[in-house]
Amino acid sequence: MQPDERIFVAGHRGLVGAAILRQLKTEGFKNLIFRSSRELDLRDRRAVEAFFEQEQPAYVFLAAAKVGGILANNRYPAEFICDNLHIQTNVIDAAYRGGVKKLLFLGSSCIYPKYAPQPIKEESLLTGPLEPTNEWYAVAKIAGIKMSQAYRRQYGFNAISLMPTNLYGPGDNFDFKTSHVLPALIRKFHEAKVACAPEVVVWGSGTPRREFLHVDDLADAAIFLMRHYNEGEIINVGTGKDITIADLARLIKEIVDYSGEIVFDTSKPDGTPRKLLDTTKLTQLGWQPKIDLRGGIASTYKWFLEN
Ligand SMILES: NC(=O)C1=CN([C@@H]2O[C@H](COP(=O)(O)OP(=O)(O)OC[C@H]3O[C@@H](n4cnc5c(N)ncnc54)[C@H](OP(=O)(O)O)[C@@H]3O)[C@@H](O)[C@H]2O)C=CC1
Ligand SMILES: C[C@H]1O[C@H](OP(=O)(O)OP(=O)(O)OC[C@H]2O[C@@H](n3cnc4c(=O)[nH]c(N)nc43)[C@H](O)[C@@H]2O)[C@@H](O)[C@@H](O)C1=O
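What counts, and at which threshold
- Residues numbered from 1 in each chain as written.
- Chains lettered and ligands numbered in written order.
- Predicted model: local features only at pLDDT ≥ 70, side-chain atom pairs only at ≥ 80, totals over all residues.
- Heavy atoms only, no water.
- UniProt positions renumbered as here; feature names shortened; annotations may be inferred.
- Helix = DSSP H or I, 4+ residues; strand = E, 2+ residues; numbered from the N terminus.
- Rg over C-alpha atoms; globule rule 2.2 N^0.38 Å.
- Buried < 20%, exposed > 50% of the residue type's maximum accessible area, 1.4 Å probe, protein only.
- Contact = heavy atoms within 4.5 Å.
- Lys, Arg positive; Asp, Glu negative; His and termini not counted.
- Charge placed at Lys NZ, Arg CZ, Asp CG, Glu CD.
- Near = heavy atom within 4 Å.
- Polar contact = N/O pair within 3.5 Å; in protein donor to acceptor, adjacent residues only side chain to side chain.
- Areas by Shrake-Rupley, 256 points an atom, 1.4 Å probe, with all protein chains shown as cover.
- Nonpolar A, V, L, I, M, F, W, Y, C, P; charged D, E, K, R; others polar.

As named in an unreviewed UniProt entry, the chain is GDP-L-fucose synthase, taken from Nitrosococcus halophilus. The annotation that UniProt attaches to the chain under Pathway (unreviewed entry) is "Nucleotide-sugar biosynthesis; GDP-L-fucose biosynthesis via de novo pathway; GDP-L-fucose from GDP-alpha-D-mannose: step 2/2."

Enquirer: Help me understand the overall build of the chain in this model?
Expert: On a plain count of helices and strands, the chain comes out with 10 helices and 12 strands. Over its C-alpha trace the chain gives a radius of gyration of 19 Å, about what one expects of a compact globule, namely 19 Å for 307 residues. Each principal axis of the C-alpha distribution contributes one length, and for the chain these read about 60 × 40 × 40 Å. Across the 307 residues that make up the chain, the buried fraction comes to 54%. Taking the contacts inside the chain whose residues are at least 6 apart along the sequence as the reference set, 81% of them involve residues at least 24 apart. Of the side chains in the chain, 38 bear a positive and 36 a negative charge, and the two mean positions are spaced by 1 Å.

Enquirer: Teacher, can you tell me more about the site of ligand 2 here?
Expert: Around ligand 2, the surrounding shell holds 22 residues, and the nearest of these are Gly-68, His-180, Pro-269, Asp-270 and Lys-275. At 2.9 Å, a backbone N or O of Val-181 approaches an oxygen atom of ligand 2. Look at ligand 2: alone it shows 690 Å² of surface, and the protein chains cover 98% of it. Of all the secondary structure elements, the ones that give two or more residues to the shell around ligand 2 are α3 (70-75), α6 (181-194) and β7 (199-203). Within the shell around ligand 2, the residues separate by chemical class into 10 nonpolar, eight polar and four charged.

Enquirer: Help me understand the UniProt feature "active site" (unreviewed entry) in the chain in this model?
Expert: In this numbering, the UniProt entry assigns the feature "active site" (unreviewed entry) to Tyr-137. Within the element layout of this structure, Tyr-137 appears in helix α5 (residues 135-155). You can call Tyr-137 buried: its relative accessible area is 7%. Setting aside anything within four residues of it in sequence, one finds Tyr-137 in contact with Lys-66, Val-67, Asn-73, Phe-80, Asn-84, Ser-108 and Cys-110.

In structure tokens, the structure reads:
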């Protein structure tokens, strides 16, 4: 990628898209193209085709998707599968037909089989039943990976697919109904502290384990792989370390400096028991994450307070 080449960041207002845009600007890329969903609904095939004809980007980071936490996925399966199939199908096809040099697609660690051997290797994909709470989203994501691989095989289109672990950071979604666990707990502990509430409710048993990568590390990995990775096989992006939800809650409680109790609402789903990624492939390519979890949560809490 040359500094003056046209780069389209789809989903630039989201957690991942905003981080990729920030990093591209930091690295001196001048020709950045982006549209909000109001300006360009990526579910609208004709609008997407017209956009690619008009803007002719050379590179595409596809970070636009219908995304949510365990409850949102469980509650709105039709929207999660339909929106994501439309968005990714339209963008991948129009990018190929529009002469895009390279496209980066984002899978997710939650699309691996529920009981995949840990840490999860890339070849585990499609080797077992999915986690029921987000299988709709997972099937859409898997279709995006397969479509990227099919366009490489039939047309020689250079599409690559990353498999990020759970992400967090500035610009995250803090809405209780649709967010992921880490931003939800930052907001819960903060609001409980301000309100002097006696307890904070954490969903599930607290026993599931999750791996958390700061979104600025993910953005750095995405640009690194856009530069250096040109294969169709998926590639895991994670930290190689996970933590129980209970320990995450205790860590956030400490960082927010909340002094009340933590209670577990076991009527809420736990989801996948564990999904730690094997990041050997990415490490061998020469990439390492830089942001530790405690520091990353502290800076995210600071961002939350300022926004
Ligand atoms: N968050 C996480 O923990 C993880 C995320 N990922 C993947 O990263 C990608 C981005 O996720 P994340 O940044 O968290 O998601 P966000 O919800 O933060 O951002 C999603 C973005 O997609 C855009 N978007 C949604 N629908 C449309 C549409 N119909 N047309 C155009 N744009 C649309 C939104 O644009 P607007 O704001 O303008 O409406 C929004 O900016 C996804 O592919 C997700 O699967 C993978 C692993 C973990
Ligand atoms: C990121 C990736 O993975 C996502 O799956 P997930 O990791 O299971 O999502 P989650 O962050 O919502 O939950 C993680 C754990 O945390 C517990 N938990 C406790 N208390 C709260 C809480 O207050 N909110 C939430 N959301 N979870 C909570 C919750 O019960 C669960 O055990 C996919 O949805 C999909 O989006 C995807 O791509």
